[in-house]
Amino acid sequence: MAPASSFSASSTSSHTVPSAYGVLYKSEVAGAPVPARSVAELLTPDIQFVRVQWIDYINTVRFRVLPTSYFRKLLSDPHSRAGVGLVKAVLGIVGLNIAPGFGAVGEFLYVPDLSSWRVCTYAPGHASVMGWFQEKVPHPTKGLTVDLCPRTILHRLVREAQEKAGVSFLVGVESEFILVSQTSPAPVYVNSADWSCSAKTRTGSVETAVLEEIANCLLGAGIELQMYHAEAAPGQYEVITGPLSPLEAADALVFTRETIYNIANKHGLRATFAPRLHSDSCGSGAHTHISVHGPDPAPRAADASLAPTLTALERSFLSGILTHLPAVCALTLPTAASYARMLDGIWAGGTYASWGTYNREAPVRLCGPQGHHHFELKCVDATATPHLAIAAIVGAGLQGIKEGALLTVGDCAKPVALMSERERGEVGLANPTRLPGNIAAARKALAADEVMRGVLGTEFVDAYISVNETMEKFMQGRDEEETVKKLIEYF
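Computed from a prediction, not measured in an experiment: that's the story for all the values here.

Conventions adopted
Residues numbered from 1 in each chain as written. Predicted model: local features only at pLDDT ≥ 70, side-chain atom pairs only at ≥ 80, totals over all residues. Heavy atoms only, no water. Axes fitted to C-alpha atoms, helices over the stretch in contact; angles between N-to-C directions. Helix = DSSP H or I, 4+ residues; strand = E, 2+ residues; numbered from the N terminus. Parallel < 35°, antiparallel > 145°, perpendicular 65-115°, else oblique. Left-handed = near helix turned anticlockwise from the far one by under 90°. Contact = heavy atoms within 4.5 Å. Nonpolar A, V, L, I, M, F, W, Y, C, P; charged D, E, K, R; others polar. Polar contact = N/O pair within 3.5 Å; in protein donor to acceptor, adjacent residues only side chain to side chain. Buried < 20%, exposed > 50% of the residue type's maximum accessible area, 1.4 Å probe, protein only. Pairing = 2+ DSSP bridges. pLDDT = per-residue confidence, 0-100. Salt bridge = Lys/Arg side-chain N within 4 Å of Asp/Glu carboxyl O. Disulfide = S-S within 2.5 Å. Core = buried A, V, L, I, M, F, W, Y, C linked by side-chain atoms within 4.5 Å. Phe/Tyr/Trp six-rings, centres within 6.5 Å; stacked < 30°, edge-to-face > 60°.

## Overview of the packing of helix α5 (residues 206-220) against helix α6 (residues 246-266)
The description of two helices packed together rests on the angle between their axes and the distance between the axes.
Consideration 1: α6 packs onto α5 with a crossing angle of 140° between their chain directions and a minimal axis gap of 9 Å. The angle between α5 and α6 falls in the class oblique. As for how α5 packs across α6, the hand of that crossing is right-handed. Note on element contacts: α6 touches α5 through F255, T256, T259, I260, I263, A264 and K266, opposite V210, E213, I214, C217 and L218.
Consideration 2: Split by residue class, the contact of α5 with α6 holds 8 nonpolar, 2 polar and 2 charged.

## Things to note about unusual backbone geometry
Consideration 1: Positive phi outside glycine occurs at N59, with the angle close to 65°.
Consideration 2: With respect to the helices, strands and loops of the structure, N59 is situated in the loop between β1 (49-55) and β2 (61-67).

## A look at the environment of E207
Consideration 1: Summarising the element assignment, E207 is placed in helix α5.
Consideration 2: Distance in space between the C-alpha atoms of E207 and L179 is 7.6 Å, their sequence separation being 28 residues.
Consideration 3: A polar contact of 3.1 Å, which involves the side chain of E207, links it to the side chain of N191.

## A closer look at the environment of H387
Consideration 1: Locating H387 in the fold gives a position in helix α8 (residues 386-403).
Consideration 2: Considering only alpha carbons, one finds H387 and P415, 28 residues apart in sequence, at a separation of 30 Å.
Consideration 3: Sequence-distant contacts of H387, defined by excluding residues within four places in its chain, comprise I55, M130, P150, R151, L154, L247, A250, D251 and V254.

## Notes on the side chain of Q236
Consideration 1: Residue placement: Q236 occurs in strand β14 (residues 236-244).
Consideration 2: Accessibility expressed as a relative area gives 0% for Q236, which makes it buried.
Consideration 3: In terms of polar contacts, Q236 uses its side chain to reach the backbone carbonyl oxygen of G283, at 2.9 Å.
Consideration 4: The contact partners of Q236, leaving out residues within four places of it in the chain, are E176, F177, I178, K200, A230, E231, C282, G283 and S284.

## Re the pairing of β2
Consideration 1: Direction of pairing for β1 relative to β2: antiparallel, over a ladder of 7 bridges. By the bridge assignment, I55 is partnered in β2 with V61.
Consideration 2: The hairpin turn running from β1 into β2, its antiparallel successor, is 5 residues long, and N59 in that turn takes a positive phi close to 65°.

## Topic: the sheet that holds β1
Consideration 1: Ordered by their spatial adjacency, 4 strands build an open sheet running β2-β1-β8-β7, and the pairing between neighbours is mixed. Strands with a single pairing partner mark the edges of an open sheet, and in this sheet they are β2 and β7 (118-119).
Consideration 2: Of the pairings in the sheet, the one linking β1 to strand β8 (residues 126-129) comprises 4 bridges and is parallel in character. Each residue of the ladder has a partner; that of F49, found in β8, is H126.

## Let's talk about the confidence of the model for the protein chain
Consideration 1: Overall, the prediction assigns the protein chain a mean pLDDT of 89, with 95% of residues at 70 or greater.
Consideration 2: This model gives residues 1-14 a pLDDT under 50, and the stretch forms 22 contacts once residues within four places in sequence are excluded.
Consideration 3: Taken as a whole, residues 29-33 scores under 50 in pLDDT and shows 13 contacts with residues more than four places along the chain or in a different chain.

## A few points about the sheet that holds strand β10 (residues 143-145)
Strands belonging to one sheet form pairs held by backbone hydrogen bonds; the direction of such a pair is parallel or antiparallel.
Consideration 1: Spatially, the 4 strands line up as an open sheet ordered β3-β6-β9-β10, and their pairing is antiparallel. Edge strands, defined here as strands with exactly one partner in the open sheet, are β3 (84-87) and β10. The sheet shows a mean angle of 35° between the axes of neighbouring strands, taken without regard to direction.
Consideration 2: As defined by bridge partners, β3 adjoins strand β6 (residues 107-112) across 4 bridges and the pair is classed as antiparallel.

## What to know about the pattern of salt bridges
Consideration 1: One pass over the structure, following the stated rule, counts 21 salt bridges.
Consideration 2: Salt-bridge contacts for R62 lead to D56; the nearest nitrogen and oxygen are separated by 2.8 Å.
Consideration 3: With its nearest N and O atoms 2.6 Å apart, the salt bridge here joins E482 to R478.
Consideration 4: Owing to a relative accessible area of 25%, E482 belongs among the partly exposed residues under this scheme.
Consideration 5: When its relative accessible area of 77% is taken as the criterion, R478 is described as exposed.
Consideration 6: What emerges from the salt-bridge pattern is a single network uniting D113, R151 and D251.

## A word on the state of the cysteines
Consideration 1: Here the structure, examined in full by the defined rule, presents 0 disulfides.
Consideration 2: Cysteine C217 remains unbridged, with the sulfur of C120 as its closest cysteine sulfur at 9.9 Å.
Consideration 3: Note on C217: relative accessible area 6%, which makes it buried.

## Description of the nonpolar core
A general feature of soluble globular proteins is that nonpolar side chains tend to end up buried together.
Consideration 1: Ranked by size, the top nonpolar core spans 147 residues in total, and within it F133, F177, F375, L446, L456 and F460 carry the most contacts.
Consideration 2: Sort the elements by how many residues they give to this core and helix α7 (residues 312-332) lands first, with 11 residues.
Consideration 3: If near-sequence neighbours (up to four positions away) are discounted, F460 is found in contact with Y57, D147, L148, I153, L331 and L388.

## Focus on the side chain of T183
Consideration 1: Within the fold, T183 resides in the loop between β11 (168-182) and β12 (188-189).
Consideration 2: A polar side-chain atom of T183 sits 3.1 Å from a polar atom in the side chain of E489.
Consideration 3: In this view, T183 contacts R270, K485, I488 and E489; residues no more than four positions away in its chain are not counted.

## Topic: the packing of aromatic side chains
Consideration 1: This model, assessed by the stated rule, comprises 15 aromatic pairs.
Consideration 2: On the basis of an interplanar angle of 35° and a centroid distance of 6.4 Å, the ring pair of F177 and Y237 is categorised as tilted. Here Y237 lies in strand β14 and F177 lies in strand β11, a separation of 60 residues in the sequence.
Consideration 3: On the basis of relative accessible area, F177 is assigned to the buried category, the value being 0%.
Consideration 4: Ring plane angle 35° and centroid distance 5.7 Å describe the contact between F460 and Y464, whose orientation is recorded as tilted. Taken together, the residues span about one helical turn, with F460 and Y464 both in helix α12 (residues 458-474) at a distance of 4 residues. We note that F460, like Y464, is buried.
Consideration 5: Members of the aromatic cluster, connected to one another through ring pairs, are W54, F108, Y110 and F133.

Structure (structure tokens):
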């Protein structure tokens, strides 16, 4: 989220060295909501089709393609709600299966949110717009609100943070993915060079062309691209985009992944965000960076010594995250494959609910200079639905803020897995909380966490668990080879 600063060592002798470094983002600037524009402004002559787009509980992007003539007509009557009718089972579809609790009866109205509009730079002539699931007929107590809608859940939590605590957030994401030239009978990776190696971006190679086109498409769509680079696994790369308010960040992440998928496909490749394909190399995560902005409460000595550079607000946020991290994992690591990446000793965040300054073996890594800190959650991958993963993180942290929760775990200066009992005791981890070792355990943690059920909504949690159980069965192939093939092709 904050690249290294630009001054060099040789320039420091005659100047005072700034204590801060990198780009310093401010919530009131980067996190300002995007004002909705009029249809007339959005439908420029080069736009022929509009993708009315949503994303479900299994992280599948779906859309209806509307000609601009019909889209304009749909939004032209001020006395009628614009939207597309969708069966209420839409959030429970897994392949050709319907998860228990969902059925054939009833329809939602999916209402476009024009503030989410983006021109599909990866698909000339197309634009995309996200929306809100609403009831067609107002509910007696809930009105039009659909509590199962991923964007509605995230929006509700962001609004609650602002109204009840005066707090806002910025979120940025690292997108790691692998490029393959074929998936059957076995994956063929575009190269096998190492981390950040120039050998992975040779002029004239198809992968270099793909990366440059991805970069240009993101920039052309108005998404801040901070950098891209080669990652460590065969054919693996990373695209890093800048921070936005949570709902914008989730929408932008959907667009970023669609850009990567589509541009790779255009060049005859397949991009996969599968969490881990190599037992002897790195997996692919969706490391999520989040910063907390708001009025700081009065100084709080009780837990200050555990994190001297964090404000009381940040400490309470971090406490909420660590307390509820096992339940959060059900939404940030939602597939069986996710847990092949979350192991100790491979720089993926480890298996202990802990935090550490620039510690890549902690699931929560503290980054940035004092006064401009942000938290990187490493226990997130791209099989997760962006809006649900960010909602879980925001919701858990917000709960800590609302409670004024004291931080009980100190800065882990080394991996918890390598600590002695004495060292663990010194950082408050004498009896450390372990993260779930598989998706079934994560679901169990979510189901049992009454606080997170309240934060996200009991109706949603029950529906999500049903869909997730169905998804786990759906992703199991007849053997390991078929399971891997399915994983690559689905994610």
